[in-house]
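A structural walkthrough
As a plain string of letters, each chain reads:
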Amino acid sequence: MHENSRMQNAQSIRDVIRYIERFKNALIVIYLDDAIIDSTLFSSHIRDISLIHRAGLRVLIVPGARRRIDHVLASSGISWTQQNGVRITADEAMSQIKMAAFDVSNTVMTSLAAEHISAVIGNWVRARALGVQHGVDYGTAGKIDKLQADAILTVLQSGFIPIFPCIGWSVVGKPYNISSVALAEEIAVQLQADKLFFVIPNAELCASQFIIPEKIGVSETGKVPALNLDEVAAFIAANSATAVIKNSDTEHSVYGANDKNMSNSAHELSAASPQRNEKIMSLLHIASRACTAGVQRVHILNGSRDGVLPCELFSDMGSGTMIYAKNYGDIRAMQNEDVPAVLSLMRPFVASGKLLPRTDRQLRDTLADYIVYELDGGIRACAALHVYDAHQAEIAAVAVDETYAHMGVGAQLIETLIARAKKENCQSVFVLTTQTFDWFEKFGFAPADIATLPEKRILQWTHQRGSKAYRLTLHEA
């Protein structure tokens, strides 16, 4: 095996072990879109859910049932109408709706049983009628009133996976059709879930489908891997012309309508699949609400891709888009226990000649100079500021895991160190580089004479390496 491949495999294994340890006993709610349940990838997703359950995570599943309800009602000759995304039917349709919803849940339970996983379909949801609003009678459509949280937690503690049909019951036992998406959100909030997953076909936040606001990081393929709540608000604002978000409480509430006044660029971005984009925009609103209400993280995954659930759970970059309130990626001071990970991070940059080799002892002796970018317990970038005197300091040892190179992490490190140099009242900062001087020019660094460097640093410079000096003036002498 090639050395680089071996190192990448080793790091992937380390990441999986770290995440399994981190999320042991974590509570995760998974919404499975009914189109996924009807797809050829369904069995693969169920297998992955089974593996996640076996890894020690507590899993709850909310399956969508819109398509199945459509089919059963149509087969029975029962008509329905739509109002604000809500299905409206007469009371006599409720038995068919209930049958369809439980049929989908039973499909999920049977598939889990094939993986030797025990699951329970329950009636843990109290609901009440949407009633008459603005003169419209919503009939059998209901909204969530209360969850039997204690009963749900008992099922989880017994080692079962609870499955929630899109049906709620009133205090007198009358059934109502409720939104699976709203139900998934409510369960996650009420139980303060660690993670809420929406597994939706072809659901991707990417530059080819949306307007990506400036400073929101994207992957090499143009996908948005993560958004904090401020970034979610900016994303929604930038794309608000592409969809009118409907926010009702029924199975169909995540679909909206096109805005006639959307811009030409928005039209171009959403032309390929406006309905899908509207659904994602609605999910962003839901994710923002859920995180604000205490859910740690919400994930929007493309269920048309195999393996998205374990990849999202057990790797830093994941496979979808994660929405979070806090405690994801963070720049902080390097600590002693970070040294092995930082040395491992630097290794490929040393091999390519971009960085000078450093030893364990050298890093520990200059520990206070270093900062790192930590992502879910893993070190993904580092840099150092060596202060020589009040006149100048050096930015050095800048290394960013190539997976995160397009996320703006390197720029954050440089800006942090420049701010530190200003706080130290340094007049300027310099860098010595062989291959990245173009990048430093973006921050205002300009070519400098090697002779202008501190004497101690000049003594370390060699003609063989031929590093170029670049300087950024902070304060005039």
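Computed from a prediction, not measured in an experiment: that's the story for all the values here.

For the rest of this paragraph, the subject is the pairing of strand β13 (residues 195-200). Looking along a regular strand, one sees the side chains alternate between the two faces of the sheet. Of all six residues that make up β13, six are buried, and the element is covered over most of its length. Here β13 shows no split at all, with Lys195, Phe197 and Val199 on one side and Leu196, Phe198 and Ile200 on the other all buried. Here strand β1 (residues 27-32) runs beside β13; their pairing, made up of five bridges, is parallel. Across the sheet, Ile28 pairs through a bridge with Lys195, a residue of β13. The sheet contact formed by β13 and strand β15 (residues 297-302) spans six bridges and is parallel.

Before going further, it helps to examine the environment of Val409. Tracing the sequence through the fold places Val409 in helix α14 (residues 409-423). Here the alpha-carbon distance between Val409 and Asp330, two residues 79 residues apart in the chain, equals 9.7 Å. When residues no more than four places from it in sequence are discounted, the contact partners of Val409 are Tyr373, Ala381, Val400 and Tyr404.

Attention shifts here to the pairing of strand β18 (residues 370-375). With five of its six residues buried, β18 lies for the most part within the structure. Strand direction decides the pairing type here: β18 and strand β19 (residues 378-387), joined by six bridges, are antiparallel. Of the residues in β19, the one forming a bridge with Tyr370 is Ala384. Adjacent in sequence and paired antiparallel, β18 and β19 are bridged by two residues, among which Asp376 carries a positive phi angle near 50 degrees.

It is worth spelling out the pattern of salt bridges at this point. Counting across every chain of the model gives 14 salt bridges. Note that Asp103 is salt-bridged to Arg68, the shortest N-O span being 2.8 Å. Here Arg68 lies in helix α4 (residues 66-75) and Asp103 lies in helix α5 (residues 94-114), a separation of 35 residues in the sequence. On the accessibility criterion, Asp103 (30% relative accessible area) is partly exposed. When its relative accessible area of 29% is taken as the criterion, Arg68 is described as partly exposed.

The next subject is the environment of Leu27. With respect to the helices, strands and loops of the structure, Leu27 is situated in strand β1. Overall, Leu27 belongs to the buried group, its relative accessible area being 2%. Considered as a pair, Leu27 and Val59 are 32 residues apart in the sequence and their alpha carbons are 6.1 Å apart. Look past the residues within four positions of Leu27 in its chain and what remains in contact with it is Arg58, Leu60, Leu153, Leu156, Leu191, Ala193, Asp194 and Lys195.

The phi dihedral of Gln192 is positive, around 50 degrees, even though this residue is not glycine. With respect to the helices and strands, the residue Gln192 is situated in the loop between α7 (180-190) and β13. The exposure class of Gln192 is partly exposed, given its relative accessible area of 42%. Even without a glycine there, the phi angle at Asn202 is positive, about 55 degrees. Here Asn202 is to be found in the loop between β13 and β14 (226-228). Residue class for Asn202 comes out partly exposed when judged on its relative accessible area of 40%.

What counts and what doesn't
Residues numbered from 1 in each chain as written. Predicted model: local features only at pLDDT ≥ 70, side-chain atom pairs only at ≥ 80, totals over all residues. Heavy atoms only, no water. Buried < 20%, exposed > 50% of the residue type's maximum accessible area, 1.4 Å probe, protein only. Helix = DSSP H or I, 4+ residues; strand = E, 2+ residues; numbered from the N terminus. Pairing = 2+ DSSP bridges. Contact = heavy atoms within 4.5 Å. Salt bridge = Lys/Arg side-chain N within 4 Å of Asp/Glu carboxyl O.

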